[in-house]
Every structure is written in C-alpha cells, then in structure tokens.
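Topology and contacts: notes
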Amino acid sequence: MGLFKSILESVAGSVLSQVKEAVNAATGNPAPPSPARSQTAYAPAEEVAVQRSAAEWQAYFAEILATEFPRFDVRQNVPVTELAGFAADEFQLYTTRPRQVYRAEWGAPYTFVLYEGLTPRGIVMLGSGQSHYSNVKYLIARSYAKKLGLPYINFYTQMPNERAYVISRIAKFVGR
C-alpha cells in the first residue's frame, strides 16, 4: 500500500506542477523552476524503464539490428519449428522436475533471428517479467536454440535497454 501511495502522490504532484506551469504560462507569470526529483535508493521499475508497448520494443530492437548489425539479415517472429523442425526432444527445463519431452512447436516464436546468408547466427528474444527463466514457452525456445548451437540473447522489456547496452550485448555473442 505504501508503494502505491508513493506513486500516486508522485503522479498527483507532477500533474499539479504541470497545471501550475500551464496557468502561469497563460497568465504571463513565469513559474519558478520546479525542484528536481530526488533519487531514492529504491525506484519502482515503472519509473526506471522506458514505458513502451511490445510493438514499440520490437520496432526499437529492429531498428538497432538494422543499423548496427547490417551484415545480418533479420527475420522477426520466427517459429521454433522453422529452425528445429517438428522435433520432440527431452530437456530438463526446471530443476524441480525430471527430464521430459517437449515439442518444438510449443516454444515461443523467436523475436529476431539473425542470418548470414541462409545460416542462422543468433537469436534475440524479448520478454517481460521473468519469462526467460520461468515461462515454459521461453524455456523450450531457449533449449532448442542451445541444441542448435545458436546464441540466445534475451532482453527484458521492463528494463531500460539503452541503445549502447543492447549493441554491446548482441555484439558480444555474434560480433558486428
């Protein structure tokens, strides 16, 4: 409840500040500059990360891949079966469960696959929350990428994913 109240007070204060600035601008009275918001040791993820929709994140990453990694042909939303075929392989996805058979078609589609000619060289996968480590569809997709010997480069969309960070992380796995 305290976090919710804090966020609500912050939003209300911001809106009030904007209204005051608009009124002052309309009446010709200059508003004093508003004090910078102090940084606390804890900031909710909603305030730290850039808020974008899934489509906006995908467009952001597509632009980075196109401009910073031009040697690769990039395909989006590639089904796992396109790389692994209609396979059924045994994996241990969770430490608390035994090895089980998982079908490739059960995996989440790869957000981006980087190709050199016709050869896949790496996978860039976007996810939210803890999807890369807890969601069975992502775990299946990751397992098949590993089986194929392809780097699986995951990014969380609730994180800032600053351009320099994204570029360096992808380059670490596939070069430039």
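Before reading further, recall that the structure is shown in the block above.
Here the structure is a predicted model, which means the values were calculated and not measured.

Moving on, we come to helix α3 (residues 54–68). Taking 1.5 Å as the rise per residue, α3 with 15 residues should run 21 Å; its terminal C-alpha atoms sit 21 Å apart, in good agreement. Within α3 the residues assigned to the buried category are Trp-57, Gln-58, Tyr-60, Phe-61, Ile-64 and Leu-65. Down the axis of α3, the buried side of the element spans an arc of 160 degrees, and every buried residue falls inside it. Seen from the buried face of α3, the exposed residues on the opposite side, beyond 90 degrees, are Ala-55 and Ala-66.

So, about unusual backbone geometry. If you check the backbone angles, Asn-77 has positive phi at about 50 degrees while not being a glycine. Position of Asn-77 among the secondary structure elements: in strand β1 (residues 73–78). Judged by its relative accessible area of 44%, Asn-77 falls in the partly exposed class.

Summed over all chains, the structure comprises nine salt bridges. The salt bridge partner of Glu-82 is Arg-75, with a shortest N-O separation of 2.2 Å. Glu-116 is paired through a salt bridge with Arg-121; the nearest N and O atoms lie 2.9 Å apart. Overall, Glu-116 belongs to the partly exposed group, its relative accessible area being 27%.

Quick notes on the rules
Residues numbered from 1 in each chain as written. Predicted model: local features only at pLDDT ≥ 70, side-chain atom pairs only at ≥ 80, totals over all residues. Heavy atoms only, no water. Helix = DSSP H or I, 4+ residues; strand = E, 2+ residues; numbered from the N terminus. Expected span 1.5 Å × (residues − 1). Buried < 20%, exposed > 50% of the residue type's maximum accessible area, 1.4 Å probe, protein only. Arc of directions from axis to C-beta. Salt bridge = Lys/Arg side-chain N within 4 Å of Asp/Glu carboxyl O.

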